[in-house]
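An overview of the molecular structure
Now for the letters of each chain:
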Amino acid sequence: MKKRHLLVPILFAVIYACGGQGNQENTDNNQTQSNTEAEVTQEHKGKELIAKSDCSACHADKSKLVGPSYTDIANRYDNTAENQKYLADKIVKGGSGVWGDVPMTPHPQLSESDLKEIVNYIFTLKN
Ligand code: HEC
């Protein structure tokens, strides 16, 4: 009986030591990343995806850069399924002519669910 009592804490110590070490590297590697990610995930997933893509080179939430601001985009369109599809399609294919002659580059790497989140986020900026 006495032996058993000793064995259990030792087992836990061993498991903890191994498990702890395995995770250690991960935690260290991700430290800076998970800090910024934690901040971003509190915001909209679409905003996170925008931050990971090249959108911010040409767009900002409120001010016009190379392209229109997301707020201006959101205000231009009604938040309907049809417009969501149109905007998602435009992000994938790029193009010009709606806001001016400057073209937007295509983004074929974005998945349908990413696009949904992004368009959804843009519509949260509608006033
Ligand atoms: C090279 C600069 C550039 C990049 C990078 C870029 N855009 Fe654009 N975007 C533009 C321009 C310019 C327009 C206006 C196009 C037009 O007039 O038809 C635009 C238009 C848009 C529109 C409105 C489309 C419409 O027809 O009203 C959305 C939505 C949009 N961009 C989202 C994004 C997202 C999301 C990303 C990143 C995945 C992105 N853009 C990356 C330049 C850019």
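Procedures and definitions
- Residues numbered from 1 in each chain as written.
- Predicted model: local features only at pLDDT ≥ 70, side-chain atom pairs only at ≥ 80, totals over all residues.
- Heavy atoms only, no water.
- Helix = DSSP H or I, 4+ residues; strand = E, 2+ residues; numbered from the N terminus.
- Buried < 20%, exposed > 50% of the residue type's maximum accessible area, 1.4 Å probe, protein only.
- Contact = heavy atoms within 4.5 Å.
- Donors = N, O, S within 2.8 Å, 3.2 Å for Na, K, Ca; no water.
- Tetrahedral: all angles 85-135°; square planar, octahedral: opposite > 155°, others 65-115°.
- pLDDT = per-residue confidence, 0-100.
- Polar contact = N/O pair within 3.5 Å; in protein donor to acceptor, adjacent residues only side chain to side chain.
- Core = buried A, V, L, I, M, F, W, Y, C linked by side-chain atoms within 4.5 Å.
- Near = heavy atom within 4 Å.

Moving on to the overall build of the protein chain. Within the protein chain, the regular secondary structure consists of five helices and zero strands. Traced from its N-terminal end to its C-terminal end, the protein chain shows the element sequence α-α-α-α-α. Within the span of the protein chain, comprising 127 residues, buried residues form 24% of the whole. Taking the intrachain contacts of the protein chain between residues at least 6 apart in sequence as the baseline, contacts between residues at least 24 apart amount to 47%.

So, about the coordination of the iron atom of the ligand. The coordination sphere of the iron atom of the ligand contains the protein donors His 59 (NE2) and Met 104 (SD), at a distance range of 1.9 Å. Around the iron atom of the ligand sit six donor atoms, and with donor-metal-donor angles ranging over 87 to 180° the site reads as octahedral. Within this pair, whereas His 59 is found in the loop between helix H2 (45-52) and helix H3 (70-76), its partner Met 104 is found in the loop between helix H4 (81-93) and helix H5 (112-124), the two being separated by 45 residues in sequence.

Bringing the confidence of the model for the protein chain into the picture now. Note that predicted coordinates carrying low pLDDT should not be read in detail. Per-residue confidence for the protein chain averages 81 on the pLDDT scale, and 67% of its residues sit at or above 70. Here residues 9-31 is a poorly scored stretch, pLDDT under 50, and it has three contacts once near neighbours within four places are set aside; other chains count.

The next subject is the environment of Tyr 121. Structurally, Tyr 121 can be placed in helix H5. On a C-alpha basis, the gap between Tyr 121 and Ala 74 in space is 9.3 Å, while along the polypeptide they are 47 residues apart. At 2.8 Å, the side chain of Tyr 121 and the side chain of Asp 61 are in polar contact.

With that out of the way, let us pick up the nonpolar core. Judged by nonpolar contacts, the single largest core of 18 residues is most densely connected at Tyr 70 and Ile 118. Of all the elements in the fold, those that place two or more residues in this core are H2, H3, H4 and H5. For this core, the element with the most residues is H5, which contributes six residues. Residues in contact with Ile 118, not counting those within four places in the same chain, are Gly 46, Leu 49, Ile 50, Ile 91 and Leu 110.

Right, let's get into the side chain of His 107. Secondary-structure assignment places His 107 in the loop between H4 and H5. For His 107, a relative accessible area of 5% puts it in the buried group. Within the structure, His 107 has its side chain in polar contact with the side chain of Asp 54 (distance 2.7 Å). A distance of 3.0 Å separates a polar atom in the side chain of His 107 from the backbone oxygen of Thr 105. Non-local contacts of His 107, meaning those with residues more than four positions away in its chain, are made with Ser 53, Asp 54, Ile 91 and Val 92.

A separate point is the site of the ligand. Within the structure, the ligand sits among 28 residues, and Cys 55, Cys 58, His 59, Tyr 77 and Met 104 are positioned closest to it. One nitrogen or oxygen atom from the side chain of Tyr 77 is found 2.4 Å from an oxygen atom belonging to the ligand. One nitrogen or oxygen atom from the side chain of Lys 90 is found 2.5 Å from an oxygen atom belonging to the ligand. Going through the elements one at a time, H4 and H5 are the ones with two or more residues in the shell around the ligand.

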